[in-house]
Amino acid sequence: MRIRIAFLTLVLAAILVGALPVLAAADITAALDYLRSQQNADGGFGSGFSPDSTIGSTADVTLAIVAADGDLASFDQDGNTPLTYLEANAASASSAGDWAKLIMTAIAAVENPRAFGGVDSVASLEALTDASGRIGGEADTFVSHLLAVLALASAERPIPAAAVDYISNAQQENGSWAWDGSAETAGDTNTTAFAVQALVAAGEDPGSEAVTNALAYYGGIQNEDGGWPYQNPSDFGTDTDANSTAVTIQAIIAAGQDPAGADWTTGDGATPIAALESLQNASGAFAWQAAMPDDNLLATVQALPALAGKAFPFATMDVGEPTPTTVPETGGAVVAPALSLLLGGLALAGGGYLLNRKK
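Residues numbered from 1 in each chain as written. Predicted model: local features only at pLDDT ≥ 70, side-chain atom pairs only at ≥ 80, totals over all residues. Heavy atoms only, no water.

### Some remarks on the overall build of the chain
1) Next: In terms of helices and strands, the chain carries 14 helices and 2 strands.
2) Next: The 359 residues of the chain split such that 45% are buried.
3) Next: When contacts within the chain are restricted to residue pairs at least 6 apart in sequence, long-range pairs at least 24 apart make up 63% of them.
4) Next: For the chain, the computed accessible surface area is about 17700 Å², with 58% contributed by carbon and sulfur atoms. (Helix = DSSP H or I, 4+ residues; strand = E, 2+ residues; numbered from the N terminus. Buried < 20%, exposed > 50% of the residue type's maximum accessible area, 1.4 Å probe, protein only. Contact = heavy atoms within 4.5 Å. Areas by Shrake-Rupley, 256 points an atom, 1.4 Å probe, with all protein chains shown as cover.)

### Some points on the packing of helix 7 (residues 142–154) against helix 9 (residues 189–201)
1) Next: At a minimum axis separation of 9 Å, helix 7 and helix 9 run at an interaxial angle of 30 degrees. Looking at the two axes, helix 7 sits roughly parallel to helix 9. When the axes of helix 7 and helix 9 are compared, the crossing they make is left-handed. Facing helix 7, whose interface residues are Phe142, Val143, Leu146, Leu147, Val149, Leu150 and Ala153, helix 9 presents Thr191, Phe194, Ala195, Gln197, Ala198 and Ala201.
2) Next: Split by residue class, the contact of helix 7 with helix 9 holds 11 nonpolar, 2 polar and no charged. (Axes fitted to C-alpha atoms, helices over the stretch in contact; angles between N-to-C directions. Parallel < 35°, antiparallel > 145°, perpendicular 65-115°, else oblique. Left-handed = near helix turned anticlockwise from the far one by under 90°. Nonpolar A, V, L, I, M, F, W, Y, C, P; charged D, E, K, R; others polar.)

### With respect to the packing of aromatic side chains
1) Next: Tallied over the full model, the rule gives 6 aromatic pairs.
2) Next: Aromatic pair Phe312 and Phe314: ring centres 4.6 Å apart, planes at 20 degrees, arrangement stacked.
3) Next: For Phe312, a relative accessible area of 15% translates into the label buried.
4) Next: Joined through ring pairs, the aromatic side chains of Tyr217, Tyr218, Trp228 and Trp264 make up one cluster.
5) Next: The positively charged end of Arg36 is found above the aromatic ring belonging to Phe75, 4.3 Å away from the centroid. (Phe/Tyr/Trp six-rings, centres within 6.5 Å; stacked < 30°, edge-to-face > 60°. Lys NZ or Arg CZ within 6 Å of the ring centre and 35° of its normal.)

### Brief notes about the confidence of the model for the chain
1) Next: Scored by pLDDT, the chain has a mean of 87; 84% of the residues are at 70 or more.
2) Next: Here residues 1–24 scores under 50 on pLDDT; set against residues more than four positions off or in separate chains, the count is 3 contacts.
3) Next: Contacts for the low-pLDDT stretch residues 326–359, under 50 throughout, to residues beyond four places or in other chains number 3 contacts. (pLDDT = per-residue confidence, 0-100.)

### As for helix 7
1) Next: When the terminal C-alpha atoms of helix 7 are compared, their 19 Å separation across 13 residues agrees well with the 18 Å that a helix rising 1.5 Å per residue should span.
2) Next: Across the 13 residues that make up helix 7, a large majority, 13, are buried.
3) Next: Where helix 7 begins, the side chain of Thr141 points an oxygen toward the backbone nitrogen of Val143, at a separation of 3.2 Å.
4) Next: Positioned one or two residues after helix 7, Glu156 has a phi angle of 55 degrees, which is positive. (Expected span 1.5 Å × (residues − 1). Polar contact = N/O pair within 3.5 Å; in protein donor to acceptor, adjacent residues only side chain to side chain.)

### Digging into the pairing of strand 2 (residues 292–296)
1) Next: As judged from the 3 bridges shared by strand 1 (residues 286–289) and strand 2, these two strands associate in the antiparallel manner. Residue Ala287 lies in a different strand from strand 2, and its bridge partner there is Asp295.
2) Next: Where strand 1 hands over to strand 2, the hairpin turn is made up of 2 residues, counted between the paired strands. (Pairing = 2+ DSSP bridges.)

### Examining the environment of Ala67
1) Next: You can see Ala67 is positioned in helix 3 (residues 55–67).
2) Next: Overall, Ala67 belongs to the buried group, its relative accessible area being 2%.
3) Next: Through-space distance from the C-alpha of Ala67 to that of Ala108 is 8.6 Å; in sequence the pair is 41 residues apart.

### Some thoughts on the pattern of salt bridges
1) Next: Enumeration over the complete set of coordinates arrives at 6 salt bridges.
2) Next: Put simply, Asp120 and Arg114 hold a salt bridge, and the shortest N to O gap is 3.0 Å. Each member of the pair Asp120 and Arg114 is classed as buried.
3) Next: Each of the salt bridges in this network shares a partner with another, and the network as a whole consists of Glu126, Arg157 and Glu321. (Salt bridge = Lys/Arg side-chain N within 4 Å of Asp/Glu carboxyl O.)

### Quick word on unusual backbone geometry
1) Next: The amide bond that connects Asn232 to the next residue, Pro233, takes the cis arrangement and shows omega of 5 degrees.
2) Next: With respect to the helices, strands and loops of the structure, Pro233 is situated in the loop between helix 10 (209–221) and helix 11 (242–254).
3) Next: The omega torsion of the bond from Phe312 to Pro313 falls at -10 degrees, within 30 degrees of zero and hence cis.
4) Next: Of note, Pro313 is situated in the loop between helix 13 (297–307) and helix 14 (329–358).
5) Next: The residue Asp69 is not glycine, and still its phi comes out positive at about 60 degrees.
6) Next: Mapped onto the fold, Asp69 is located in the loop between helix 3 and helix 4 (82–89).
7) Next: Not every positive phi belongs to a glycine, and Val110 is a case in point at roughly 60 degrees.
8) Next: Along the chain, Val110 turns up in the loop between helix 5 (96–108) and helix 6 (121–126).
9) Next: Among the residues examined, Val110 registers a relative accessible area of 66% and is labelled exposed.

### Here we look at the packing of helix 3 against helix 4
1) Next: Viewed as axis vectors pointing N to C, helix 3 and helix 4 meet at an angle of 145 degrees, and their least axial separation amounts to 10 Å. Once helix 3 is placed against helix 4, the crossing between them reads as left-handed. Note on element contacts: helix 4 touches helix 3 through Pro82, Leu83, Tyr85, Leu86 and Asn89, opposite Ile55, Thr58, Ala59 and Thr62.
2) Next: Of the residues that constitute the contact of helix 3 with helix 4, the class distribution is 6 nonpolar, 3 polar and no charged.

So, in structure tokens, the structure goes:
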């Protein structure tokens, strides 16, 4: 009898093992180790397309580490960490995208972005808001605007109604958004994911028409393996990729839904989470697509927050108002009181003139 039970146990175990994917769950520790292996000597990270460290790429990796509950202090290259790199280079930021990422990264690392790296990134970002509600300079895309809204939400700063309308008005009929915010360019899963997160972070009800239509767009193009491509239809193929699947998972989470739930489980029983996990390599890194199995830095960076179940922004902080500009010591102490006296004198003179007119 005992032999029979043992045999049946072994058979059942074999069946279960055969039914499971190679990675039953993502190995977050291995993914963090892979990121550590990609760190540059200056503490920063390249984009995956260029090895040189940049503010945007380093901020992206730092956010991924924080989302995965990684230890930022362990990413140390002879005293250079991702945070020290960002602090040293914050003053060189010049785009809404970079400032937005600096803000969200600083707050996620419990640093005030008004002083991080000696720069008030919040003031710099807010200064780029124009009359249409768009936030960004000439070099910024619609995605930069979406990141800016997320950053303002993270910093608990007022988000102009026009900035939210700017997002809503750019939504296409099928529920998606395009990277340039236009109606002429085909919408994509990635931009749509950031738009959904930005709207919800700005106070949009997850059950609103805009968010509901975006989720319907995702439901209409989900692959049978549970994941998503960048676009569908597309001249470049519609195979599931880690990046698109990861950011879509974040959009679903932002909308208050479960990416592993029944609503997102395909007829084949596949889920977005399983589709993303299946793209993790033995190195810990994620591949972009199954057909392109090489380790991919950006895919790994985008996969971690999604698998950690976190949508942007990861953390919030009341950063307060800008610090008033200090008056220079040389000459300032004399000019400021003199100006106050002059204005006071003019006020008194004006008051006396009005009194004389009334007599």
